[in-house]
Amino acid sequence: MSSQHRDPALTVRPPADLKEAAQSALSARDIEIRAFVVACLKALVANPDQFLKVLTGHWPEKKPRGRPRRSSVATEGQGRTTS
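Numbering of residues starts from 1 in each chain and follows the order in which that chain's sequence is written. For a predicted model such as this one, the threshold for reporting local features is a pLDDT of at least 70, and the threshold for listing and counting side-chain atom pairs is 80 or more; totals across whole chains, interfaces and linings nevertheless cover every residue. To obtain the side-chain values, all non-hydrogen atoms of the structure were included, while hydrogens and water were left out.

## Here's the deal with the overall build of the protein
Starting at the N terminus, helices and strands are each numbered in turn, a helix being any DSSP run of H or I of at least four residues and a strand any DSSP run of E of at least two. On a plain count of helices and strands, the protein comes out with four helices and zero strands. Moving toward the C terminus, one meets the helices and strands of the protein in the order α-α-α-α. Here the protein holds 83 residues, and 1% of them are scored as buried. With residues, only the protein chains shown are counted as cover, and all accessible areas are computed by Shrake-Rupley using a 1.4 Å probe. Summed over its atoms, the accessible surface of the protein is roughly 8900 Å², and 55% of this surface lies on carbon and sulfur atoms. When accessible area is computed with a 1.4 Å probe and restricted to protein chains, residues below 20% of their type maximum are described as buried, those above 50% as exposed, and intermediate ones as partly exposed.

Set out below in structure tokens:
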């Protein structure tokens, strides 16, 4: 089933403490977090090199995408039957 919305969702899960701090900083300036994200995307499109330069030093560590692999410990016992 496809979404009824015109624009697709963008799902991001920042750390809770970072999200709370960002919301606090934005609220103090009467800015919604959704509007901030859209403004950042517009700034990126308008001048990618300049905007990305501002973010130097703020990038999170890369995380593997997708489901984690099953550990060898979890798979060792599979297929065995006990009597």
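Here the narrative resumes.
## Structural notes on unusual backbone geometry
With phi around 55°, D30 is a residue other than glycine that occupies positive phi space. Note that D30 resides in the loop between helix 1 (16-27) and helix 2 (33-46). A residue is classified by how much of its surface remains accessible, and D30, at 74% relative accessible area, is exposed.

## With respect to the environment of L41
Structurally, L41 can be placed in helix 2. Given a relative accessible area of 44%, L41 falls into the partly exposed group. The sequence separation of L41 and F51 amounts to ten residues, and the corresponding C-alpha distance is 9.6 Å.

## Some details on the pattern of salt bridges
One side chain can pair with another of opposite charge once the charged atoms of both are near each other. The term salt bridge refers to a pairing of a side-chain nitrogen on Lys or Arg with a carboxyl oxygen on Asp or Glu at a separation within 4 Å. A complete count under the given rule lists one salt bridge for this structure. Linking R6 and D7 is a salt bridge whose minimum nitrogen-to-oxygen distance equals 3.7 Å. Comparing R6 with D7 shows no difference in burial state: the two are exposed.

## Details of a nonpolar patch on the surface
Judged by side-chain polarity, L10, V12, I31, I33, F36, V37 and L41 come together as a nonpolar surface patch covering roughly 600 Å² of accessible area. Considering the arrangement of structural elements, one finds F36 in helix 2. Put simply, a patch holds well-exposed residues, over 30% relative accessible area, that have no salt bridge, with like charges counted together within 9 Å and Val, Leu, Ile, Met, Phe, Trp or Tyr side chains within 5 Å.

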